[in-house]
Amino acid sequence: MTGKAGFRVANYLPKMGATSRLGLVTNDGMVVAIPAEAARQKVQLSFDPSSMISLAASGNKGLQELVALFKNRSNNSLNVNQVVLLSPVLKPQSNIYCVGWKELSRSF
């Protein structure tokens, strides 16, 4: 859904010493601050705009809210080169387990 919308979601710092926040990184390299844009549009989000985990927990409703913010966004955004991109999840709430799988084919 986000690929078709023209943006990706990122966790970032607008400047050193600031608190992290979520932003919409547009295909043309601009970063729209989700909390500021929601306030400007007077939209109450169903998730905490400073938490990627909260956004993920909100599911499709949260994604639909982001699409609406994106469509009605202002020109007040930063270039992606002006911010510090962070890990998507700064503090995991529990252990993360990953399993790799590689299928081997044999020639007989």
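Residues numbered from 1 in each chain as written. Predicted model: local features only at pLDDT ≥ 70, side-chain atom pairs only at ≥ 80, totals over all residues. Heavy atoms only, no water.

Trainee: So what exactly am I meant to see when it comes to the layout of surface pockets here?
Mentor: The method is simple in principle: a probe with the dimensions of a water molecule rolls over the atoms, and the space it marks as empty is what remains. If you add up the space inside the largest pocket, you get close to 180 Å³. If you list the elements that add at least two residues to the lining of the largest pocket, you get strand S3 (30-33) and helix H2 (34-40). Counted by class, the lining of the largest pocket contains 7 nonpolar, 3 polar and 3 charged residues. (1 Å grid on protein atoms, 1.4 Å probe; cavity = no way out; pocket = protein on both sides within 12 Å on 5 of 7 lines; lining within 4 Å. Points joined across faces, edges and corners; volume = space filled by probe spheres on them. Helix = DSSP H or I, 4+ residues; strand = E, 2+ residues; numbered from the N terminus. Nonpolar A, V, L, I, M, F, W, Y, C, P; charged D, E, K, R; others polar.)

Trainee: Help me understand the sheet that holds strand S5 (residues 84-85), please; the structure alone is not making it clear to me.
Mentor: For sheets, the rule is that strands pair by backbone hydrogen bonds, running either parallel or antiparallel. Pairing within the open sheet is antiparallel, and its 5 strands lie in the order S4-S3-S2-S1-S5. Since the sheet does not close on itself, it has two edges, and those belong to strand S4 (78-79) and S5, each with one partner. Sheet topology note: the strand S2 (residues 21-26)/S3 ladder contains 3 bridges and is antiparallel. Its bridge partner being in S3, valine 25 is matched across the sheet by valine 31. Against the sheet, helix H3 (residues 52-71) touches strand S1 (7-13) and S2, its axis set at about 120° to S1. (Pairing = 2+ DSSP bridges. Contact = heavy atoms within 4.5 Å. Axes fitted to C-alpha atoms, helices over the stretch in contact; angles between N-to-C directions.)

Trainee: Please clarify how the pairing of S3 should be interpreted in this entry.
Mentor: In regular strands, side chains alternate between the two faces of the sheet. Linking S2 back to S3 in an antiparallel pair, the connection comprises 3 residues, with glycine 29 at a positive phi of about 85°. Direction of pairing for S3 relative to S4: antiparallel, over a ladder of 2 bridges. The partner of valine 31 across the bridge, within S4, is leucine 78.

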